[in-house]
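# Inside the fold
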Amino acid sequence: MSIPVALSSSAEKAATAVCFHCGLPVPESLDIAVEIDGVHRPMCCRGCEAVARAIIDGGLGNYYKFRTAQAPTAREIVPEFLRQTAVYDHPEVQKSFVRVEGEHVREAALILEGITCAACVWLNERHLARLPGVLAVHINYATQRARVQWDERRIHLSDILQAVSRIGYLAHPFDPGRHQQRLEHERKQLLRRLGVAGVMSMQVMILAEALYVGGWVETETQYRVFFHWISLLLTLPVLLYSALPFFASAWRDLTHAQAGMDVPVSFGILTAFVASVWATITGQGAVYYDSVTMFVFFLLSGRYFEAAARKRATEASEALVRATPASATRLIYSLSPATPLPYPLPASGERVKYIVTEETVAAAELRPGDRVRIRPGEHIPADGVVLEGQSSVNESLLTGESLPVNKSPGQTLIGGSINIESPLVARVEKTGPDTVLSSILRLLDRAVAEKPRMAQLADRVAGGFVVAVLLLAGLVALYWWQQDSPLWLSATIAVLVITCPCALSLATPAAITAATGQLTRLGLLVTRGHALETLARATHFIFDKTGTLTRGRLRLLETRTLSQLTGAECLRRASALEYHSEHPIARALIEATEPGGPGATDVVNTPGAGMRGVVDGQIFFLGTPAYIQEQAGLAADPGMLRELRRRGDTVVLLAGREALHAAFVLSDELRPGARELIAELKRQGKTVMLLTGDHETAARRVANSLGIEDLAWDLRPGDKLERVRALQQQGAIVAMVGDGVNDAPVLAAAQVSIAMGGGTAVAAASADMILLSQKLPHLADGLAVARRTLAIIRQNLVWAVVYNLLAIPAAAAGYVTPWMAALGMSASSLLVVANALRLTRHSHRELAVPVAAVPG
């Protein structure tokens with residue numbers, strides 16, 4: 001027997017400085033040895049010690065006498081998958097698929113292989129959630145995609161991947177190419193299994209029909225026995241090949257003390273087959289070869305069509321995944337072929353003759369600052385800015401906008417969109433997870449992974465459903481056995497097979513996935529799992545004015561000076577204050593100002609009111625008249641304000657410590673389709689409100705133009721928040737639509753929030769939905785889809801519950817044969833997915849709405 005002992009002296013350690021098993025150096029801090037042939041041999045690690053002890057204890061000590069090379073190290077006998085997962089812990093590797101959510105919080109999208117039913121989802125979510133350091137786990141059954149969030153100080157991504165493998169599944173970072181290859185491989189393999197089951201089941205059914213008919217005419221016994229043996233031989237390929245996925249999944253669940261849906265299915269198949277073999281050998285009892293082959297065929301058919309339906313439901317998001325091209329044409333600038341220039345290139349004013357060469361690289365290799373050439377018909381490989389050329393770009397996949405968008409030097413490009421007309425040269429600005437397309441995909445993943453309340457309830461039921469089915473099948477078998485009835489076997493098999501929690505758990509995710517894909521095509525991006533359910537139940541719709549109901553493209557109409565400063569000087573100071581703001585007023589003032597003005601320091605922004613800062617050594621205030629009066633103690637002439645606001649325009653004041661300097665008059669126009677949206681909401685009985693920080697005249701003119709009776713003006717963000725909370729306390733379900741920084745608190749407080757796609761990043765981050773198309777009629781379409789989604793979810797849940805309530809008693813009573821049970825189980829899941837697919841029909845209206853200006 002081998003005994004690990006400590007080495008007795010430093011001299012002995014020095015003399016044996018290498019591991020006797022693998023030949024690697026022995027760490028000075030580790031004193032481990034194994035007794036081999038009466039000598040204590042040093043080991044470099046516990047792994048080598050364990051292997052050496054196993055060799056000696058197994059009586060294989062001669063291995064060390066006759067070996068011709070050192071043994072593999074303990075690291076070399078670690079399973080290949082475990083070594084591969086360690087690669088995903090490298091920060092450079094994680095850049096392409098891991099998002100940094102906080103200082104130590106990371107989030108990744110993973111694909112889970114081996115998911116076959118709702119119980120698989122429940123098992124993986126529960127298993128991963130128990131790992132120390134895992135903060136959140138959401139798995140979508142329809143897409144088999146998981147979103148995992150963890151604290152990197154407590155756990156590594158490789159630990160998470162290995163934890164999944166320990167319960168018999170395989171997880172890896174979501175890779176579009178690998179995912180498509182896997183789906184295609186699974187589809188082909190499933191078709192082959194289905195083909196074998198179909199061909200064999202037809203042959204067995206022909207023999208079974210002959211046996212059924214022969215029973216009436218008392219066929220000779222030898223023919224009946226012969227048909228039984230032929231049926232057995234025909235059933236074996238179905239059992240050993242076609243049904244193999246069911247057995248493998250059931251074995252995996254049982255070895256980990258879990259119960260997925262394939263457990264009762266496998267028990268049903270094996271029970272029927274074993275009973276049939278016994279009857280064939282003994283010549284007593286009924287055979288069920290036809291039932292075995294038929295319900296394997298029906299189960300595989302159901303899974304095949306269910307997978308096809310799920311693929312169709314996720315087409316919109318998968319199209320986004322495939323939008324980024326695999327390769328790109330990168331431009332190399334050099335003074336000579338042998339001297340490529342580093343970025344950035346010399347200033348454009350320098351007269352330098354460059355040699356420009358092209359190289360084809362993987363799109364993943366692009367870095368910010370790279371120059372790329374995009375030919376007509378090619379996908380844009382990353383977010384960037386046009387440097388050379390003019391063309392039109394199709395952004396419909398990302399925004400839902402069907403018309404191409406013209407692009408010229410200085411304008412931005414969105415990765416994944418398609419160049420249509422002419423070649424473009426662009427500078428890469430953002431790559432990998434930082435692109436707009438990646439952000440949209442993350443939001444989509446989050447939306448389909450997060451479970452609404454109904455889905456959470458269904459998953460909890462599915463978690464214990466299988467155990468209940470196994471217990472019920474045992475009780476049914478016991479009852480019919482005591483009755484000495486031949487129904488005990490067929491009834492037990494039928495109960496095992498006919499029950500289906502998959503329909504229950506598929507009811508919500510299938511509908512949510514289909515609806516999310518349909519809305520993505522419209523340019524309405526769903527970013528939260530609860531959004532559709534809540535939008536369908538919303539009672540109050542609250543709109544911001546500027547940038548939401550209006551275009552948000554303000555134009556400076558007039559600069560009225562009120563001091564010795566000229567209009568141009570006032571504009572430069574106002575633009576300096578607004579330089580870092582994303583508000584439409586800021587954009588209008590900056591666009592109206594000549595470049596090259598002074599900068600501002602110590603800028604303090606009060607959202608929805610104004611800002612102050614230091615320009616040219618003096619403090620200035622810019623904002624609403626109320627803000628100026630509060631901050632500087634200066635009041636504008638009421639008559640002047642009435643005159644400037646007479647057309648409903650927006651007025652912003654610039655002031656110093658001592659005096660008012662200027663009044664800026666800005667105008668906006670209504671968004672196309674705003675009237676139709678408001679009219680549709682009111683037709684459905686929704687309460688529509690307008691809350692704005694603008695003055696009364698501007699608010700009333702917009703409200704009157706759109707038919708909104710309930711409005712409030714001169715509101716700060718805090719005032720809007722109070723009004724929303726007051727409505728919620730009265731039982732209202734509030735949907736808030738906004739676009740700016742000042743809308744972010746209200747968007748976060750509303751039960752469901754929609755941000756305009758052209759709004760600020762802060763607003764989008766607070767929103768449950770983003771209107772990328774910026775077409776207000778699409779919001780009405782979104783409401784219609786949300787209501788249909790809620791109705792279909794309810795239909796699916798009712799069907800799943802009613803099916804099980806009717807099918808289980810019928811099977812237990814012996815009214816359902818095993819093959820009918822398999823057909824019912826497959827049809828129940830398929831019906832749920834098919835019902836959800838009705839949401840993918842193109843039902844939205846294309847409203848032709850003229851551009852309407854604010855009257856006056």
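Residues numbered from 1 in each chain as written. Predicted model: local features only at pLDDT ≥ 70, side-chain atom pairs only at ≥ 80, totals over all residues. Heavy atoms only, no water.

### A look at helix H10 (residues 244-255)
Note the threshold: Where helices and strands are cited, they refer to DSSP runs of H or I of at least four residues and of E of at least two residues respectively, numbered from the N terminus. In a helix, the anticipated span is given by 1.5 Å times the number of residues less one. For every residue, the accessible area (1.4 Å probe, protein chains only) is compared with the maximum for its type, and the residue is labelled buried under 20%, exposed over 50%, or partly exposed between those bounds.
When the terminal C-alpha atoms of H10 are compared, their 16 Å separation across twelve residues agrees well with the 16 Å that a helix rising 1.5 Å per residue should span. Within the sequence span of H10, burial applies to Phe246, Phe247, Ser249, Ala250, Arg252 and Asp253.

### Remarks on unusual backbone geometry
Here aspartate 37, not a glycine, exhibits a phi torsion of approximately 55°, which is positive. Within the secondary structure layout, aspartate 37 lies in the loop between strand E1 (32-36) and strand E2 (39-43). Using a relative accessible area of 54% as the deciding quantity, one classes aspartate 37 as exposed. Residues other than glycine seldom take positive phi values, yet aspartate 616 does so here, at roughly 55°. Positionally, aspartate 616 belongs in the loop between strand E22 (610-615) and strand E23 (618-623). When its relative accessible area of 51% is taken as the criterion, aspartate 616 is described as exposed.

### Quick notes on the environment of alanine 811
Residue placement: alanine 811 occurs in helix H30 (residues 777-812). Using a relative accessible area of 0% as the deciding quantity, one classes alanine 811 as buried.

### Remarks on the confidence of the model for the protein
The criterion, for reference: A score between 0 and 100, pLDDT records how confident the predictor is in each residue. Contacts are assigned to residue pairs with any non-hydrogen atoms lying within 4.5 Å of each other.
Here the protein averages 76 in pLDDT, and 75% of its residues register 70 or above. For the protein, helix H1 (residues 10-15) is the element with the lowest average pLDDT, namely 40, and strand E19 (residues 540-543) is the one with the highest, namely 93. Across residues 843-856 the pLDDT falls below 50, and counting only partners more than four positions away or on other chains, this stretch makes 32 contacts in the model.

### Some thoughts on a nonpolar patch on the surface
As a reminder, the rule being used: Here, patches come from residues exposed beyond 30% relative accessible area and free of salt bridges, joined within 9 Å for like charges and within 5 Å for nonpolar side chains (Val, Leu, Ile, Met, Phe, Trp, Tyr). Using the Shrake-Rupley algorithm and a 1.4 Å probe, accessible areas are obtained, with residue cover drawn only from the displayed protein chains. Here a salt bridge means any side-chain nitrogen of Lys or Arg lying within 4 Å of a carboxyl oxygen belonging to Asp or Glu.
On the surface, Val225, Trp229 and Ile281 cluster together to form a nonpolar patch covering roughly 280 Å² of accessible area. Structurally, isoleucine 281 is set in helix H11 (residues 262-282). The exposure class of isoleucine 281 is exposed, given its relative accessible area of 58%.

### Points about helix H17 (residues 487-498)
The end-to-end C-alpha distance of H17 is 16 Å, a good match for the 16 Å that twelve residues give at a rise of 1.5 Å each. Within H17, ten of the twelve residues are buried, leaving the element largely enclosed by the surrounding structure. All buried positions along H17 are accounted for by Leu489, Ser490, Ala491, Thr492, Ile493, Ala494, Val495, Leu496, Val497 and Ile498.

### Considering the sheet that holds strand E21 (residues 600-606)
Remark on secondary structure: sheet strands pair via backbone hydrogen bonds, oriented parallel or antiparallel. Our working rule: Paired strands, in this sense, are two strands between which DSSP finds at least two bridges. To get an axis, a line is fitted to the C-alpha atoms, and for a helix only the part in contact is used. The angle between two axes follows their N-to-C directions and goes from 0 to 180 degrees.
Reading across from one edge, E20-E25-E24-E23-E22-E21 is the order of the six strands in this open sheet, with antiparallel pairing throughout. Unpaired on one side and paired on the other, strand E20 (555-561) and E21 mark the two borders of the sheet. The average undirected angle you get between the axes of adjacent strands in this sheet is 15°. Both E21 and E22 contribute to a ladder of five bridges, which runs antiparallel. Its bridge partner being in E22, valine 604 is matched across the sheet by arginine 612. Helix H21 (residues 567-578) rests against E20, E21, E22, E23, strand E24 (650-655) and strand E25 (660-667) of the sheet, and its axis sits at about 110° to E22.

### What about the nonpolar core?
What counts here: Grouping buried Ala, Val, Leu, Ile, Met, Phe, Trp, Tyr and Cys residues that are joined through side-chain atoms within 4.5 Å yields what is termed a nonpolar core.
Counting residues in each nonpolar core, the largest one holds 50 residues, and the members touching the most others are Phe543, Ile754 and Met769. For this core, the leading source of residues is H30, giving nine residues. Membership of the second largest hydrophobic core comes to 43 residues, among which are Val292, Val296, Val476 and Val495.

### Regarding the environment of leucine 191
Along the chain, leucine 191 turns up in helix H8 (residues 176-214). Taking relative accessible area as the criterion, leucine 191 reaches 36% and is therefore assigned partly exposed. In this structure, the C-alpha to C-alpha distance between leucine 191 and serine 301, residues 110 residues apart in sequence, is 8.8 Å.

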